[in-house]
Amino acid sequence: MHWIVCPDRQAQTKACAAIIAAQVLQKPDSVLGFATGSTPLATYRELIDLKRAGVVSFELARTFNLDEYVGLPIDHPQSYYRFMWDNLFAPLEFRPGQAQLPNGMADDLGAECARYEREIESAGFIDLQLLGIGHDGHIGFNEPADVFSKDTHVETLAERTIDANRRFFATRDEVPRTALTMGVGTIMRSRRILLTAFGADKADVIREAFCGPVTPRVTASILQFHADCTIVLDSEAASKL
Ligand code: GLP
């Protein structure tokens with residue numbers, strides 16, 4: 001694993017954006033894997049600035065998102081589809097079809113998961129996957145479990161994740177209980193991984209995931225076995241290493 005520990009959030013953001021931009025500069029038709037959550041937001045703003053400044057073009061890139069809630073229509077303010085189009089894809093002037101997310105409104109969720117997995121495979125798999133990390137060590141929505149999941153699947157969210165996501169919804173009851181997520185296997189098939197975190201509240205899970213044993217109880221720990229994984233942290237998230 002490659003570690004980049006930055007003095008503050010601004011440097012952490014710039015480091016992540018630089019890694020993604022460099023990937024696209026080297027391979028303009030890169031397949032990028034994107035994530036939601038508060039962690040990548042500033043990185044997305046930085047990428048938009050780089051695009052507007054003419055430093056990098058995403059015209060030939062394709063993207064796949066990690067996950068989507070089950071049962072939220074795409075125009076719901078908290079759907080990951082909406083989050084990505086508002087915060088990244090529309091400002092980058094993406095064409096419809098350039099970005100894919102799993103469809104959490106599909107009638108047959110199992111068939112949708114299989115379709116999504118096939119799409120990633122036929123795109124030649126993901127060149128660079130951006131990841132945040134949940135407080136329980138989840139990546140995508142792969143919650144702590146007895147075994148690592150292989151492919152895109154329906155996941156039941158942990159109570160702690162529902163609590164963490166509660167802040168985006170009017171009531172706790174409105175937070176979806178299930179989501180479609182790339183599996184740990186899907187994520188591990190990416191050629192490069194960029195996991196990023198900031199803030200003191202992520203310090204414990206970063207230590208557990210990357211300084212402890214590889215275990216499906218802390219999903220992100222599997223990244224210790226990835227051949228090209230970069231971890232970008234601010235000093236607070238790195239404070240317990
Ligand atoms: C959600 C997303 C994850 C993300 C996590 C952490 O569970 N599915 O991909 O890493 O939230 O979110 P935040 O970045 O807001 O801490």
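In case you missed it, the structure is sitting above this.
The present account deals with the structure reproduced in this document.

Rules used throughout
- Residues numbered from 1 in each chain as written.
- Predicted model: local features only at pLDDT ≥ 70, side-chain atom pairs only at ≥ 80, totals over all residues.
- Heavy atoms only, no water.
- Pairing = 2+ DSSP bridges.
- Helix = DSSP H or I, 4+ residues; strand = E, 2+ residues; numbered from the N terminus.
- Axes fitted to C-alpha atoms, helices over the stretch in contact; angles between N-to-C directions.
- Parallel < 35°, antiparallel > 145°, perpendicular 65-115°, else oblique.
- Left-handed = near helix turned anticlockwise from the far one by under 90°.
- Contact = heavy atoms within 4.5 Å.
- Near = heavy atom within 4 Å.
- Polar contact = N/O pair within 3.5 Å; in protein donor to acceptor, adjacent residues only side chain to side chain.
- Areas by Shrake-Rupley, 256 points an atom, 1.4 Å probe, with all protein chains shown as cover.
- 1 Å grid on protein atoms, 1.4 Å probe; cavity = no way out; pocket = protein on both sides within 12 Å on 5 of 7 lines; lining within 4 Å.
- Sits in = over half its atoms within 2 Å of the grid points.
- Nonpolar A, V, L, I, M, F, W, Y, C, P; charged D, E, K, R; others polar.

1. Regarding the sheet that holds strand β6 (residues 128-131)
The 7 strands are arranged β1-β10-β9-β6-β2-β3-β5 in an open sheet whose pairing can be described as parallel. Each end of this open sheet is capped by a strand with a single partner; those strands are β1 (2-6) and β5 (99-100). Strand direction decides the pairing type here: strand β3 (residues 62-65) and β5, joined by 2 bridges, are parallel. Residue threonine 63 lies in a different strand from β5, and its bridge partner there is alanine 99.

2. Some words on the packing of helix α1 (residues 9-26) against helix α2 (residues 41-52)
Interaxial distance between α1 and α2 falls to 8 Å at its minimum, and their mutual angle equals 55°. Between α1 and α2, the angle is such that the two are oblique. Considering only the axes of α1 and α2, their crossing is right-handed. The residues of α2 that touch α1, namely those facing Thr13, Lys14, Cys16, Ala17, Ile20 and Ala21, are Ala42, Thr43, Glu46, Leu47 and Leu50.

3. Thoughts on the site of the ligand
Looking at the ligand, there are 13 residues lining it, with Ser38, Thr39, Asp67, His138 and Lys202 nearest. Between glycine 140 and the ligand, the recorded distance is 3.2 Å, taken from a backbone N or O atom to a nitrogen atom. A distance of 2.7 Å separates an oxygen atom of the ligand from a polar side-chain atom of lysine 202. For the ligand, whose unbound accessible area comes to 390 Å², protein coverage reaches 92%. Comparing atom positions with the cavity grids shows the ligand to sit within the largest pocket. Classifying every residue of the shell around the ligand by side-chain character gives 3 nonpolar, 7 polar and 3 charged.

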